[in-house]
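What follows is the residue order along each chain.
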Amino acid sequence: MKNKKIGIMGGTFDPIHNGHLFIAEQVRIKYNLDKVLFIPSGQPPHKDGLNVSEAIHRYNMVNLAIASNDYFFSSLIEIDRKGNTYTIDTLKQLKTVYLDSEIYFIVGYDTIETIHTWKDYELLPEYTRFVVV
């Protein structure tokens, strides 16, 4: 069985918009990804104190937005986790599900500039390849 290539679009998605969908589709095509998994953040630590819509509402918005693309899927992985949700923890969990798959984490340039503030950021390359848009 061939190794799968999984794209990850993580974010608050408050709201998800056409830019997210366009970027995900362009990266999917360019990198020949088998699917793109949209993961709305549960309790993002970098948004503490900000007015963020309830996680389940953001998840439902994602599902409505991706419904027409057979390569797009959503996940509750971060919403189901209690407390602050960190990318490193999500990637570790995903690696147990997608054992032999290559994981491509899709981020904007603005995100990559602040990645040094993420929990255990130096470990991220062990779990994913970054695609910076």
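Residues numbered from 1 in each chain as written. Predicted model: local features only at pLDDT ≥ 70, side-chain atom pairs only at ≥ 80, totals over all residues. Heavy atoms only, no water.

Enquirer: In this structure, what is going on with the overall build of the protein chain? I would like to understand it.
Expert: Check the secondary structure of the protein chain and you find four helices and five strands. The order of α-helices and β-strands along the protein chain, N terminus first, is β-α-β-α-β-α-β-α-β. Its C-alpha atoms give the protein chain a radius of gyration of 14 Å, within 12% of the compact-globule value 14 Å for 133 residues. Each principal axis of the C-alpha distribution contributes one length, and for the protein chain these read about 45 × 35 × 25 Å. Taken across its 133 residues, the protein chain has 39% of its residues classed as buried. Within the protein chain, contacts between residues at least 6 apart in sequence are counted, and of these 74% link residues at least 24 apart. Summed over its atoms, the accessible surface of the protein chain is roughly 7700 Å², and 52% of this surface lies on carbon and sulfur atoms. Side-chain charges of the protein chain comprise 14 positive and 16 negative groups, with the mean position of each set lying 5 Å from the other. (Helix = DSSP H or I, 4+ residues; strand = E, 2+ residues; numbered from the N terminus. Rg over C-alpha atoms; globule rule 2.2 N^0.38 Å. Buried < 20%, exposed > 50% of the residue type's maximum accessible area, 1.4 Å probe, protein only. Contact = heavy atoms within 4.5 Å. Areas by Shrake-Rupley, 256 points an atom, 1.4 Å probe, with all protein chains shown as cover. Lys, Arg positive; Asp, Glu negative; His and termini not counted. Charge placed at Lys NZ, Arg CZ, Asp CG, Glu CD.)

Enquirer: I keep staring at helix H1 (residues 18-30) and nothing clicks. Help me out?
Expert: Because an α-helix completes one turn every 3.6 residues, residues spaced three or four positions apart along the sequence face the same direction. Its 13 residues give H1 an end-to-end C-alpha distance of 18 Å, which sits within 8% of 18 Å, the value for a rise of 1.5 Å per residue. Among all positions in H1, only His20, Leu21, Ala24, Glu25, Val27 and Arg28 are buried. The arc that holds every buried residue of H1, seen down its axis, measures 165°, which confines them to one face. Those residues of H1 that are exposed and angled more than 90 degrees off the buried face are Asn18, Phe22 and Lys30. (Expected span 1.5 Å × (residues − 1). Arc of directions from axis to C-beta.)

Enquirer: What exactly am I supposed to notice about the sheet that holds strand S2 (residues 35-40) here?
Expert: Two modes of strand pairing occur in sheets, parallel and antiparallel, and in both the strands are linked by backbone hydrogen bonds. Spatially, five strands are ordered S3-S2-S1-S4-S5 in an open sheet, and the strand pairing comes out parallel. Strands with a single pairing partner mark the edges of an open sheet, and in this sheet they are strand S3 (72-74) and strand S5 (129-132). Strand after strand, the sheet turns through a mean of 30° between neighbouring axes, direction not considered. Bridge count between S2 and S3: three bridges; the pairing is parallel. Its bridge partner lying in S3, Leu37 is registered against Phe73. This element, helix H2 (residues 55-66), spans strand S1 (5-11), S2 and S3 of the sheet and lies at about 165° to S3. (Pairing = 2+ DSSP bridges. Axes fitted to C-alpha atoms, helices over the stretch in contact; angles between N-to-C directions.)

Enquirer: Please explain unusual backbone geometry as it appears in this structure.
Expert: With glycine set apart, most residues show a phi of negative sign, and most peptide bonds adopt trans. For the bond from Asp14 to Pro15, the omega torsion is 5°, close enough to zero to count as cis. Here Pro15 is to be found in the loop between S1 and H1. With a phi close to 55°, Asn32 is a non-glycine residue in the positive phi region. By secondary structure assignment, the location of Asn32 is in the loop between H1 and S2. One non-glycine residue with positive phi stands out, namely Asp120, at about 50°.

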